[in-house]
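What follows is each chain in one-letter form.
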Amino acid sequence: MQSHFLVLLVAIPLIAAPVCVLIKSRALVWALVSVVSGICFLLSVKLLILVSTSETALTYAIGFWDAPVGIQYRLDMVAAIVAFIVSLIAFIVALYSRVSLKDEIKAEKIPLFYSAYLLCLTGLLGITVTGDAFNLFVFMEISSLASYALISMGKNRAALISSFRYLIMGTIGATFLLIGIGLMYAHTGTLNMTDLAQRLPALLGKQSVQVSLAFIVIGLAIKSALFPVHIWLPGAYTHAPISVSAFLAGTATKVSIYALIRFLFTVFDQTYAVSKAHLGPAFIILAVVAMLFGSILALKQDNLKRMLAYSSIAQIGYLFLGIGLFSVSGLSATITHIFNHAIIKTTLFLVLGCMIYKLGHAQLSQLNGIGKRMPWTTAAFVIAGLSLIGVPLTAGFTSKWALVSATLEQEYLILTALIMFTSLLAIVYIWRVVEAAYFKEHETKTTTVKEAPLALLIPLWMLVILNIYFGIDTTINIEFARQAADSLFGS
Amino acid sequence: MNPVILLSIILLTPVACAVLVLVFSRFANIRDAISLISAIVLFTAVCLLFPFAYSNSIELKLFNLFPEIAFKFRVESLGMLFATLASLLWIINTIYSIGYMRGNNEKHQTRFYLCFAIAISSTMGLSMSGNLLTLFIFYEILTLSTYPLVTHKGTMAAAKSGRVYLGVLLGSSIAFFLFAIIWTWSITKTLEFTPGGIFSKDVDPAALSILLLLYVFGIGKAAIMPMHRWLPAAMVAPTPVSALLHAVAVVKAGVFSITKIVIYIFSPGLLVKIPTTELVIYIAGFTIIIASWIAFKQTNLKRMLAYSTISQLSYIIMAAMLATPFAIIAAALHIVAHAFGKITLFFAAGSIYTASRKTELNQLNGIGKIMPWTMVAFTIGGLSMIGLPPLAGFISKWYLLMGAINVQSWFVLAVIIISTLLNAGYFLPIIYSAFFKSPPAGETEIKEAPLPIVIALVCTAGLTLIFFFFPTVFTTLTQSLKGIL
Amino acid sequence: MKILGLFNYWMVILLMLVGLYMVIASSNLVKKIVGLNLFQASVFILYISLGKILGGTAPIFLKNAPDTVYSNPLPHVLILTAIVVGVAMTSLGLALIIRIRKAYGTIEEDEILEIENKQQ
């Protein structure tokens, strides 16, 4: 049975997705989605334990066709970590979505929404488990198409145009990836990643192989919203239904970065990527610009969803910075931060969800005095905000620690200083909200507002507690991440 | 009793207090009693642990925060000194708070006692921490837990001050302190507090120079200029909070951290070889003079005291940077001496405010006749700040002078002399006008402050005196530091 | 000769550029989708060209002719999947355009931007 876990992780949500459409009852479809994502979560926990105890990666041959002929699923440490965090976020957001969707989406569309939600989850989990380059593309498109649909369900009509923009950018990115994979195939005759890794080193001199790397990197950079190809992200996160923003912010860009790590470190030789392709400096420069640009724009936003979206762009900068260092500690810092940032950003978006549910908006200028009306919601924001800033005993601190030690290891003092500077900016944009919430006098409009219902608060606080838990128990986000980076470099 | 159990009691008592305060938030009397009892329990436990401090071997390791860095505690002399100080003053401060908060009908008293207890628990954790990371964690918790205290009034003005408070403390700690810690880690691969320091001889002095500056400026709580802005800003807080900030915990946590880092991370022997040590001494010296001068010009009592604190803190930094055995002892002793003196002064300021709503210096004429207990205590505190015998301030200043003469640092001597004159210049006129000028007419209804406030005042003033006559309690601890040096 | 031999690939590049240009330059949303389709079609041709082997026949296994040269069927299969993805993308994009048209009354991107800016 255990050997099938790997494929079940993808198959269960895939099968459940069309079933959703057939169910009319909102409560029932929600229950199904919660159970399915819950099962995925348990599977991913089990898989993470299995991977951490076994010496080699877990593999599964689809239809018993062995690699490299058949499609192989392959789960190593980094994949297990990403699968774990994706299914965790999916599970918690699913729990949260029942109440929060009520106001945002028409009742008859809810089964469709959940169907797309599960497809998106299928795609994201598929990307993590697959060991086949083309299969990765297919899963990426499954998740992307589903997420375009999810975003377009936003209440505001701007959701449509944001979704359309994302569709254009996303498709260009995915097609670039497709070109890259095709060119690799043309030279090697294989699509299996392990197989590719063995055959590519001899062919690195060929121009079209080099071009394929370029296409893949740019395609995935678009998907993961690296500056300057981030332009789809703020609109998409701002106008999507809040559950979708929370889910995508935690998972979609992270999984794309995971795919990039896969290609750079498993498929291609990382020494090639650094010494010949000079990706290191390129990533670092773009990352730094993203960090500054995202944080500064986040300062100016009144719409908190948009503020978090810009903050995400800055955080994606951190992720690319870690990759750009091309060292074991840099890569492990990226993996750590993928994990932590997923938790942090999802928590923050869920907080906004509570506010939107009660107030109908999340405009900073109209949140005055909300701290007294919605104490639990605001407290959750404070804790998650501190985690984003990187205060000790929160998950965010471990990221900061890992990233800063990675930059110091190579004596990039300026980078370290920049990381510190952008965390100062994070203090500013988080604290603007805290001050408005606790110190400004509330206006008459908000006086009748009460705390959000428990159905929203419980999933939210589950994540808040995880924010602290993973700041104390760093087994997964530091130790496992380190092991993952070690094995990526070793291969 | 088993010292490790004692250590756990010390760390957990304030936490338990916080929880119980929350549980009994509806019952003001029980809540306040809990705070007081916890304070006494804590102090007793600290006293019982006292004999074990010399051995420097009591350790409590909880879990690994990062693969090679544990979250751990270790009892040693300097930490013991700080813990004793903080727990003793917590008792007195609680008594005072009860009087003050009730006397002024402050709102959100539960939040106040809750945050106070958390602040004390982080102070205990900080003083007992076994490595730099643990220290940093408690340092940050202390900042965050005191933020609601500083902004207690909940007004926009309080929020603005809170912004400065949090901005400077959190900002400097994340931008510089954390930077320095991670850098240290990447150089040495250890963060343990080790007698003799953790840097090997072949570490680049340029790196050490920058590191030292990062530590000194990153520990914003020590309020060396230009990191001092938060202290005057925090004056919006109620008086017990000011006492907490200035005497019990916050600023003391700052200078304590610097001293601890000097002794156990750099080691004094290495410190004198770092080029920027001299620079830090100069900056500290200028901070002393400039802050004293600003204090001299103040018209508001609490602001004056705030600037006085800034200058007194830099004494400690300067002493630590001199790094001779005498100077280090001076630093340790001055942490205690200044705490006793300054808490007395703040209690007196709060007492005056509670009784008469007066905050400005020129309103204090003749107040000594109406509030004799308060003003006598104020006088003792003020004279101790100047450094006159027979008061606490004299002892630490004596050691500092000895330390400065040892290394023939004339700059330090000059700074001490000038600042002493300035101190006298702003304390003596107040004392004079309080006792010898006649009060303005029509203020007959002003009486001495409520009893708990007076009790607390007398206690701390008494401590300032006792410290002079029986300094052995603390000096034995600091003498054992000498062994480490 | 070489240039002519690589004719397919030249066409791929041309189509790709034309497609991308349309996506970027045209303000009309439908034209953008058309451009995106062109762009994808170029990749399809790329894959199909990869599978072609000179003199190769359809990949149907013949028992009595072991020396037959077959075209590589795998890229064709792959691209079938990619075409399906492309169709899904197109239909979703067109569906969005219909909704956008209903919501904004226009499918010109600059006009929509203007409406959005006015709102804010």
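Residues numbered from 1 in each chain as written. Chains lettered and ligands numbered in written order. Predicted model: local features only at pLDDT ≥ 70, side-chain atom pairs only at ≥ 80, totals over all residues. Heavy atoms only, no water.

Enquirer: Break down the packing of helix H16 (residues 372-386) of chain B against helix H18 (residues 410-436) of chain B for me, with residues and values.
Expert: Describing two packed helices takes the angle between their axes plus the distance from one axis to the other. All names here are of chain B. It is the contact of H16 with H18, at a shortest axis distance of 9 Å, that shows an interaxial angle of 165°. By the criterion of interaxial angle, the relationship of H16 to H18 is roughly antiparallel. Where H16 crosses over H18, the two elements pack in a sense that is left-handed. In contact with Met375, Val376, Phe378, Thr379, Gly382, Leu383, Met385 and Ile386 of H16, H18 contributes Thr420, Asn423, Ala424, Phe427, Leu428, Ile430, Ile431, Ala434 and Phe435. Considering only residue class, the contact of H16 with H18 consists of 13 nonpolar, four polar and no charged. (Axes fitted to C-alpha atoms, helices over the stretch in contact; angles between N-to-C directions. Helix = DSSP H or I, 4+ residues; strand = E, 2+ residues; numbered from the N terminus. Parallel < 35°, antiparallel > 145°, perpendicular 65-115°, else oblique. Left-handed = near helix turned anticlockwise from the far one by under 90°. Contact = heavy atoms within 4.5 Å. Nonpolar A, V, L, I, M, F, W, Y, C, P; charged D, E, K, R; others polar.)

Enquirer: Can you lay out a nonpolar patch on the surface for me, pointing to particular residues and giving the numbers?
Expert: Residues and elements named next belong to chain B. On the surface, Met1, Ile5, Ile9, Ile37, Val41 and Leu48 cluster together to form a nonpolar patch covering roughly 550 Å² of accessible area. Elements with a minimum of two residues in the nonpolar patch: helix H1 (3-23) and helix H2 (28-49). Here the nonpolar patch gets three residues from one element, more than from any other, and that element is H2. Note on placement: Ile5 falls in helix H1. (Patch = residues over 30% accessible without salt bridge, like charges linked within 9 Å, V, L, I, M, F, W, Y side chains within 5 Å. Areas by Shrake-Rupley, 256 points an atom, 1.4 Å probe, with all protein chains shown as cover. Salt bridge = Lys/Arg side-chain N within 4 Å of Asp/Glu carboxyl O.)

Enquirer: Lay out the interface of chain C and chain A in plain terms, naming residues and giving numbers.
Expert: Of the residues lining the interface, 36 residues belong to chain C; the matching set on chain A comes to 29 residues. Where chain C abuts chain A, roughly 3,000 Å² becomes buried across the two surfaces, and 79% of that area is made up of carbon and sulfur atoms. At the boundary of chain C with chain A, the tally comes to one salt bridge. Linking Arg165 of chain A and Glu109 of chain C is a salt bridge whose minimum nitrogen-to-oxygen distance equals 3.4 Å. Linking chain C to chain A there are seven residue pairs in polar contact (both at pLDDT 80 or more). Elements with a minimum of two residues in the side of chain C that touches chain A: helix H2 (7-25), helix H3 (29-51), helix H4 (73-104) and helix H5 (109-119) of chain C. With 16 residues, the top contributor of residues to the side of chain C that touches chain A is H4 of chain C. Among the residues forming the side of chain C that touches chain A, the class breakdown is 27 nonpolar, five polar and four charged. (Buried area = accessible area lost by both parts, 1.4 Å probe. Polar contact = N/O pair within 3.5 Å; in protein donor to acceptor, adjacent residues only side chain to side chain.)

Enquirer: Explain the interface of chain A and chain B residue by residue, including any values.
Expert: Tallying the contact residues gives 29 residues for chain A and 32 residues for chain B. Contact between chain A and chain B buries roughly 2,700 Å² in total, counting both sides, with carbon and sulfur atoms accounting for 83%. Counting the surface chain A buries against chain B, the share from its top three residues, Trp401, Glu435 and Phe439 of chain A, is 27%. In this structure, the connection of chain A to chain B is made through one salt bridge.

Enquirer: I'd like a description of the pattern of salt bridges, backed by residues and values.
Expert: Residue and element names in this part refer to chain B. Overall, the coordinates contain 12 salt bridges over all chains when judged by the stated rule. A salt bridge links Arg31 to Asp32; the nearest nitrogen and oxygen atoms lie 3.1 Å apart. Across the salt bridge formed by Lys72 and Glu59, the nearest N and O atoms sit 3.3 Å from each other. Of this pair, Lys72 sits in strand E2 (residues 69-74) while Glu59 sits in strand E1 (residues 59-66), and the two are 13 residues apart along the sequence. For Lys72, a relative accessible area of 6% translates into the label buried. Assessed through its relative accessible area of 33%, Glu59 is described here as partly exposed. (Buried < 20%, exposed > 50% of the residue type's maximum accessible area, 1.4 Å probe, protein only.)

Enquirer: Please set out helix H7 (residues 193-203) of chain A residue by residue, giving values where relevant.
Expert: All names here are of chain A. Taken residue by residue, H7 has Met193, Asp195, Leu196, Leu200 and Leu203 as its buried positions. End-on view of H7: buried residues confined to an arc of 135°, all on one side of the axis. Counted as exposed and oriented over 90 degrees from the buried face of H7: Gln198 and Ala202. Here the buried face of H7 lies against helix H5 (133-152), helix H6 (158-188), helix H8 (207-223) and helix H10 (242-267). (Arc of directions from axis to C-beta.)

Enquirer: Pulling in residues and values, what's your account of the arrangement of the chains?
Expert: With two pairs of chains in contact overall, the greatest share of contacts is found between chains A and C. If you take every C-alpha in chain B and every C-alpha in chain C, the smallest gap between them is 29 Å, and the two do not touch.

Enquirer: I'd like a description of the side chain of Lys345 of chain A, backed by residues and values.
Expert: All names here are of chain A. If you trace the backbone, Lys345 turns up in helix H14 (residues 328-359). Look at Lys345: it is buried, it has no salt bridge, and the nearest opposite charge is Asp302 at 17 Å. Side-chain polar atoms of Lys345 contact the backbone oxygen of Leu308, separated by 3.3 Å. A polar contact is formed between the side chain of Lys345 and the side chain of Ser312, at a distance of 3.1 Å. (Lys, Arg positive; Asp, Glu negative; His and termini not counted.)

Enquirer: Explain a positive patch on the surface to me, and be specific about the residues and the numbers.
Expert: Together, Lys106 and Lys109 of chain A together with Arg99 and Lys102 of chain C give the surface a local cluster of positive charge. One can find Arg99 of chain C in helix H4. (Charge placed at Lys NZ, Arg CZ, Asp CG, Glu CD.)

Enquirer: Quick one: what's the story with the environment of Val244 of chain A, residue by residue and with numbers?
Expert: Residue and element names in this part refer to chain A. As for its placement among the helices and strands, Val244 is situated in helix H10. When the C-alpha atoms of Val244 and Ala94 are compared, they prove to be 9.8 Å apart, with 150 residues separating the residues in sequence. Once residues within four sequence positions are removed from consideration, Val244 is found in contact with Phe113, Leu150, Ile151 and Ala249.

Enquirer: Lay out the packing of aromatic side chains in plain terms, naming residues and giving numbers.
Expert: A full pass over the atoms with the stated rule returns 57 aromatic pairs over all chains. When the centroid spacing of 5.2 Å and the interplanar angle of 85° are considered together, the rings of Phe176 of chain A and Phe215 of chain A count as edge-to-face. Placement of Phe176 of chain A in helix H6 and of Phe215 of chain A in helix H8 is noted, with a sequence separation of 39 residues between them. Each ring, one from Phe136 of chain B and one from Phe177 of chain B, has its centre 5.3 Å from the other, and the planes form 80°; the classification is edge-to-face. Here Phe177 of chain B lies in helix H6 (residues 156-188) and Phe136 of chain B lies in helix H5 (residues 132-150), a separation of 41 residues in the sequence. Pair check on accessibility: Phe136 of chain B and Phe177 of chain B agree, each one buried. Pairwise contacts between aromatic rings join Phe397 and Trp401 of chain A together with Phe66, Phe136, Tyr139, Phe177, Phe199, Tyr215 and Phe266 of chain B into one cluster. Sitting over the ring of Trp30 of chain A, Arg98 of chain A keeps its end group 5.1 Å from the ring centre. (Phe/Tyr/Trp six-rings, centres within 6.5 Å; stacked < 30°, edge-to-face > 60°. Lys NZ or Arg CZ within 6 Å of the ring centre and 35° of its normal.)

Enquirer: Got a sec to walk through the pairing of E1 of chain B? Specific residues and values, please.
Expert: Residues and elements named next belong to chain B. When E1 meets E2, the two strands line up antiparallel, connected through six bridges. Residue pairing across strands places Glu59 opposite Arg74, the latter belonging to E2. Following E1, the chain reverses through two residues before pairing antiparallel with E2. (Pairing = 2+ DSSP bridges.)

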